[in-house]
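Residues per chain, in single letters:
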Amino acid sequence: MADLSHHARQLRDMADALESRSDPTDDPFTPHPDTLEIISGRHTSRGQLNYAVPDLLQLQRRVRRYNADSDIAHGDIVALALDIFLRAKGYPPDLKSPKTDPS
C-alpha cells in the first residue's frame, strides 16, 4: 500500500493555515458590508419577490415580530436573510461595489 503520510501532513498543514486565517468570533449571520450599504441607500431601486412558502414555518408572523423588535423594514429583513444564506452557499451577487459604481 502506498505511503500517504506526506499527503496527510500537507492536508493538516493546509487545514491549520485555513483555521489560522478564520476569526472564531465571526458571526455567520453578519450581513455583508455591501449588502448593508445597498439596503441603507435612499435611492435603492426595489423589486417585488413573491414565493410560496410553507405556512407552518410562520415566516410572515416571524418577520412581523422581528420588525417590531428591531425596526428593520420587512423587505430588508427578507433581503438580509436571503443574501446571507445565498452568499454562504456560494452564490454572491454579481455587482460592483456601491462605492465604485459610476452611476
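Higher on the page you've got the structure.
Each value, and the rule that gives it
Each chain has its residues counted from 1, running along the sequence as written. It should be noted that, the model being predicted, local features are given only for residues of pLDDT at least 70 and side-chain atom pairs only at 80 or more, the latter also being counted only at that level, while totals for whole chains, interfaces and linings use all residues. Derived side-chain values reflect all non-hydrogen atoms in the structure, with water molecules and hydrogen atoms excluded from consideration. Runs of H or I in DSSP of at least four residues are treated as helices and runs of E of at least two as strands, each being numbered from the N terminus. Think of it in three bands: with a 1.4 Å probe and only protein chains considered, a residue is buried below 20% of the maximum accessible area for its type, exposed above 50%, and partly exposed in between. The term salt bridge refers to a pairing of a side-chain nitrogen on Lys or Arg with a carboxyl oxygen on Asp or Glu at a separation within 4 Å.

### Considerations on unusual backbone geometry
Turning to step 1, where the next piece is worked out: In this structure, Gln58 takes a positive phi of about 50° despite not being glycine.
Turning to step 2, where the next piece is worked out: Considering the arrangement of structural elements, one finds Gln58 in the loop between helix 2 (33-40) and helix 3 (59-70).
Turning to step 3, where the next piece is worked out: For Gln58, a relative accessible area of 38% puts it in the partly exposed group.
Turning to step 4, where the next piece is worked out: For Asp71, which is not glycine, the phi torsion reads 65° and is therefore positive.
Turning to step 5, where the next piece is worked out: The residue Asp71 is located in the loop between helix 3 and helix 4 (74-88) in this model.
Turning to step 6, where the next piece is worked out: Judged by its relative accessible area of 70%, Asp71 falls in the exposed class.

### Description of the pattern of salt bridges
Turning to step 1, where the next piece is worked out: Tallying each qualifying case throughout the model produces two salt bridges.
Turning to step 2, where the next piece is worked out: In this structure, the salt-bridge partner of Asp83 is Arg87, at a minimum N-O distance of 2.7 Å. Highlighted residues: Asp83 and Arg87, both in helix 4, separated by four residues, approximately one helical turn.
Turning to step 3, where the next piece is worked out: Overall, the relative accessible area of 14% leaves Asp83 in the buried class.
Turning to step 4, where the next piece is worked out: Taking the relative accessible area as the measure of exposure, Arg87 reaches 23% and is therefore partly exposed.

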